[in-house]
Amino acid sequence: MNYSNLDEIAAEIKICKKCPLFRGRINAVPGSGNPNAEILFIGEGPGQNEDKKGLPFVGDAGKFLDEMLESINLKREDIFIGNVVKCRPPNNRDPLEEEVGVCTRNYLISQIRLIKPKLIVTLGRHSMQVFFPQLKSISQVHGKAYKKAGQVYLILYHPAAGLYQQSLKETMKDDFKKIPEIMELIKES
Ligand code: URA
Ligand code: SF4
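The rules behind these values
- Residues numbered from 1 in each chain as written.
- Chains lettered and ligands numbered in written order.
- Predicted model: local features only at pLDDT ≥ 70, side-chain atom pairs only at ≥ 80, totals over all residues.
- Heavy atoms only, no water.
- Salt bridge = Lys/Arg side-chain N within 4 Å of Asp/Glu carboxyl O.
- Buried < 20%, exposed > 50% of the residue type's maximum accessible area, 1.4 Å probe, protein only.
- Helix = DSSP H or I, 4+ residues; strand = E, 2+ residues; numbered from the N terminus.
- UniProt positions renumbered as here; feature names shortened; annotations may be inferred.
- Core = buried A, V, L, I, M, F, W, Y, C linked by side-chain atoms within 4.5 Å.
- Contact = heavy atoms within 4.5 Å.
- Near = heavy atom within 4 Å.
- Polar contact = N/O pair within 3.5 Å; in protein donor to acceptor, adjacent residues only side chain to side chain.
- Nonpolar A, V, L, I, M, F, W, Y, C, P; charged D, E, K, R; others polar.
- Pairing = 2+ DSSP bridges.

Next up on the list: the pattern of salt bridges. Counted according to the given criterion, the structure contains 7 salt bridges. For the salt bridge of Arg93 with Glu99, the shortest nitrogen-to-oxygen distance reads 2.9 Å. On the basis of relative accessible area, Glu99 is assigned to the buried category, the value being 3%. Taking the shortest distance from any N to any O, the salt bridge between Arg125 and Asp94 comes out at 3.5 Å. One end of the pair, Arg125, is in helix α5 (residues 125-131); the other, Asp94, is in the loop between β3 (80-83) and α4 (97-115), with 31 residues separating them in the sequence. Residue Asp94 is classed as partly exposed on the basis of its relative accessible area of 40%.

Let us look at the UniProt feature "domain: Uracil-DNA glycosylase-like" (unreviewed entry) in the chain. Summarizing the sequence annotation, UniProt attributes the feature "domain: Uracil-DNA glycosylase-like" (unreviewed entry) to residues 30-177 in the numbering used throughout. In residues 30-177, helix accounts for 43% and strand for 18%; the two terminal C-alpha atoms are 27 Å from one another.

A general trend in soluble globular proteins is that nonpolar side chains are found buried together. With 57 residues, the main nonpolar core has Ile39, Phe41, Leu119, Val121, Phe176 and Ile179 as its most contacted residues. Among the elements that line this core, the one with the most residues is α4, at 7 residues. Not counting residues within four places of it along the chain, the set of residues in contact with Ile39 comprises Leu74, Ile79, Phe80, Pro117, Leu119, Val121, Ile179 and Met183.

So, on to the site of ligand 1. Lining the immediate surroundings of ligand 1 are Gly43, Glu44, Gly45, Glu50, Pro56, Phe57, Asn83 and His158. One of the backbone N or O atoms of Glu44 is found 2.7 Å from an oxygen atom in ligand 1. A distance of 3.0 Å is found between an oxygen atom of ligand 1 and a backbone nitrogen or oxygen belonging to Phe57. Residues of the shell around ligand 1, tallied by class, amount to 2 nonpolar, 4 polar and 2 charged.

This part is about the sheet that holds strand β4 (residues 119-123). Read from one edge to the other, the open sheet built from 6 strands follows the order β1-β3-β2-β4-β6-β5, with strand pairing classed as mixed. Edge positions in the open sheet fall to β1 (32-33) and β5 (145-148), since each of these has one partner strand only. With 5 bridges connecting them, β4 and strand β6 (residues 151-156) associate as parallel partners. Pairing of Leu119 across the sheet is with Val152, part of β6.

Structural data, given as structure tokens:
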């Protein structure tokens, strides 16, 4: 589909039945933030709170994400946050390859095309594998930036991973500090 703005995509997502995940949702979560964001964050999929509100990262993982954003002087209004799948998987299970394929081909790719971010930050393994299916272990590549077909990516752990593990929390905060550094490099080049 050739969408002309993000609201058009969101409207389609809200009524989408292209994969079985539509059956379990209260609300689809198209993503939110600045349509002209320089940085696009991509999570995995809505959890219970996101499903209830129709907004991304509004639960505990979202709180931790906000904390990390604040540490680098970013607000939600500065960035855009989306997910690999837009509807909540049952009991928060991992999204299936098929669901990820259908949802990203139909929506995420169009969202990226319209936002044209300078940097895409992937959060967690599923988001990483949408762009780098050859990478298997996020523990070996978190905090690394890659350039592929002219697009710069930074691979980060999912914020939920840091919630219960203090050591990982510190690692994630360190990884986050690379965002302003990478943005400077992009703007210099
Ligand atoms: N986890 C995600 O991956 N996405 C959300 O929107 C919320 C939690
Ligand atoms: Fe449609 Fe994506 Fe929801 Fe599946 S997860 S029903 S493809 S919006």
